Amino acid sequence: MNLCQFFFTQPPARVNRVTYRLPRKCIPIDDAALAMPKHTRKRQKLAKDEAVKPLGSNHLAVLTDDASKDDEERRLESMLFGTPYVPSSSSSSSKKKTGLDVEAGLVITDEEEPDAGAESKELEHMLDSDLFFIDDGVAPSTSDSSTVPDAAQLVIRKYHSESESDDDEDDEEENSAQETDEVEHISQETESIPEIVTEEQDQTTSAGDAQPGRKAPAWVDPDDANLQVSLTAHSRLRKLRDAPSEDTVNGREYERKLRRQFERINPTPEWATKARKKLHPSKRRRSSGSDSDVDNTIEDILPDLLASTGGISAGKKPRVLTQGVISVDCLRDANQAAPAEGEIKSVQFHPSPQIPVLLTASTDRRLRLFHVDGLTNPHAQTLHIPSLPITNAVFHPSGSSIFMTGPRPFYYTYDFQSGASHRSPRGLWGTTFSSANQDTSMETCAFSPDGDVLAVAGRRGYIHLVDWRSGSAQVVAGLKANAAVKSLWWSRVQDGELLSLTQDSQVYVWDIRQRKCVKRWQDEGGFGSKIMSGDQRGNYLSIGSNIGLVNVYNARSLGEDSKPKPLKTLGNLTTNISCLRYNHDSQLLAMASNVKRDQLRLVHLPSLTVYGNWPTTKTPLAHVTSMDFSVGSEYFAIGNNKGRVLLYHLRDFAQQ
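Residues numbered from 1 in each chain as written. Predicted model: local features only at pLDDT ≥ 70, side-chain atom pairs only at ≥ 80, totals over all residues. Heavy atoms only, no water.

Some thoughts on the sheet that holds strand S6 (residues 366-371)
Across the sheet, which stays open at both edges, the four strands sit in the order S4-S5-S6-S7 with antiparallel pairing between neighbours. Lying at the two open borders of the sheet, with one neighbouring strand each, are strand S4 (344-349) and strand S7 (379-384). Each neighbouring strand pair of the sheet contributes to a mean axis angle of 15 degrees, computed without reference to strand direction. (Pairing = 2+ DSSP bridges. Helix = DSSP H or I, 4+ residues; strand = E, 2+ residues; numbered from the N terminus. Axes fitted to C-alpha atoms, helices over the stretch in contact; angles between N-to-C directions.)

In structure tokens form, the structure reads like this:
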């Protein structure tokens, strides 16, 4: 231990008590060693002879000094920056070059020269990204130097991989010969680069399946070509196969099959195809067409299109449905925006094709209106009637009001123009106020096709005729059957003819002008008939019984035969028939029962056969209580006991 170590390790108290002698050869303690360390924030003073130089000045001097560059550096600058190559006077160099450095045109060594000065070490600690950069800008096509950097990098990378194990030294003559071959090879590689790019563009175009008349895709995933998809692994992909033995396809083929399946399910509408042909007639005759002709065509089409509220394809012939299979799509519930809190009792679409409104009446004594668009189906309005449990709600044939009835001797109406609801007047059943004339329920009722007369079925076989045209809404006449009336229907074959179905399966034909029965006939079978309905065109009349049988008659031949025979008896349901609905063109009949779950069938009327593909066992119908077709039959609404109104899209009627 020397004196310095002892002095700093011993406590100060002992220093004052003991006196030490310094040996002759002991090194004295330097004042700088005992001095306090300098403050880190204190600025150090520069030497007087040290001048302030700007940052990077030495680097710039080295880079701009052509005399210090050898032939390899000059050749590399010529390839990278396009500067003319000028060989240096002293081409010989005493530096050692490996085979890798000669071929690549670079000199890379880890040995330091003894004569290297301060300037040669200034670039030692700089990053490669600060020394070199790659210019990715697109140069004009006329300049040949734009492709030189990429070609040089390709050549250097290629030589680097090929000459990785070559470490022999070469003399100056071989270097010069290799330099000449290298420049020639670079020019050849540069000329072949545009061909490579062109092939990649062709592959991209072919990968996107671009057609001559379509725009090129904005982006193409290069991994799609390497993708392998099995069409038999999942049950949903089996329909994409062209043959049962087809299994694995690549990404391009898989995309093509998906596009074909989508176009098959959602074909291009005919009106859109016609509009494109009218808007772009120059595609057919490009030689004679011009932009002015297209503009004139657009100006001719738009005024008529925007001035009309009708369908674009009005005047198109109605489509004839085929039997066996029907295309049905499930949509969002019609009342999802405002679901009911009880069983749905009545569902009906507005009779006007320009007003896509659906009404729903439920046991919570509320009537709701929805704007049906097939997407969100927004809720329009809710009407609450505490004094009337609504069991039947229908639009007036004119579409100006809503008529609501229930197990009460009065009714309510809601007027769209005034937005007010009104109760039936006090003189509805006459002025005698006799209990014999007054009825306790107005659930079974029907408007005439023109909306002037309302027929209401009462007790003990009575049918009350209410004058709706005068606005007084009073019972003006009555008809009497031999049994209780279960259903009413106004004939479309002859004006002023009313048909009533009684409890004993008798059908009465009434002439309201003469106020008498003109004909009566028995329903075939007489199986406790409960409901009767007909189509809007007057072609069919159907009667449902309490055991699930539905008799379909020819409505136009009922007046000729004394004992009409049904065209066919449908026995697809086994419980009480509660609802019958025809679509607008008399091609479909929907029959349902609310006794069991999922009891609904669609009938193809021209062939009188039931569709077997829908509904399926997985269709969540529940107990069907009401249903209705839209004006154009593109929508089919089904109400059930859970308060839901299921909405389905009939694809066969979507393009009409």
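Looking at the pattern of salt bridges
If you walk through the whole model with that rule in mind, you get 13 salt bridges. With a shortest N-O distance of 3.9 Å, Glu253 and Lys257 are connected by a salt bridge. In this pair, Glu253 and Lys257 both sit in helix H10 (residues 251-265), four residues apart, roughly one turn of the helix. (Salt bridge = Lys/Arg side-chain N within 4 Å of Asp/Glu carboxyl O.)

Let's talk about the sheet that holds strand S16 (residues 485-490)
With respect to topology, four strands assemble into an open sheet ordered S16-S17-S18-S19, the strand pairing being antiparallel. Both outer strands of the open sheet, S16 and strand S19 (516-522), are each paired with one neighbouring strand and no more. Neighbour-to-neighbour, the strand axes of the sheet open up by a mean angle of 20 degrees, direction not taken into account. Where S16 meets strand S17 (residues 497-502), five bridges bridge the pair, whose relative direction is antiparallel. Within S17, the position partnered with Val485 by the bridge is Thr502.

What about helix H5 (residues 71-81)?
If you check which residues of H5 are buried, you get Asp71, Glu72, Arg74, Arg75, Leu76 and Met79. Two residues or fewer after H5 comes Gly82, characterised by a positive phi angle close to 80 degrees. (Buried < 20%, exposed > 50% of the residue type's maximum accessible area, 1.4 Å probe, protein only.)

Some details on the side chain of His350
One can find His350 in the loop between S4 and strand S5 (357-362). What makes His350 buried here is its relative accessible area of 5%. Side-chain polar atoms of His350 contact the backbone oxygen of Gly399, separated by 2.9 Å. Those residues in contact with His350, other than ones at most four positions away along the chain, are Ile355, Val357, Phe395, Gly399 and Val631. (Polar contact = N/O pair within 3.5 Å; in protein donor to acceptor, adjacent residues only side chain to side chain. Contact = heavy atoms within 4.5 Å.)

Brief notes about the side chain of Ser448
Here Ser448 shows up in the loop between strand S12 (445-447) and strand S13 (453-457). Look at Ser448 and you get buried, because its relative accessible area is 5%. When neighbours within four sequence positions are excluded, Ser448 is seen to be in contact with Pro397, Val453 and Trp490.

Side note on the confidence of the model for the chain
Atom-level detail of predicted coordinates should not be read off regions where pLDDT is low. Summing up the model confidence of the chain, the mean pLDDT is 75 and the portion of residues at 70 or higher is 63%. A low-confidence stretch, residues 12-20 stays under pLDDT 50, and its non-local contacts, those more than four residues away or across chains, total two contacts. A low-confidence stretch, residues 138-210 (pLDDT under 50), is modelled with 62 contacts involving residues beyond four sequence positions or located in other chains. (pLDDT = per-residue confidence, 0-100.)

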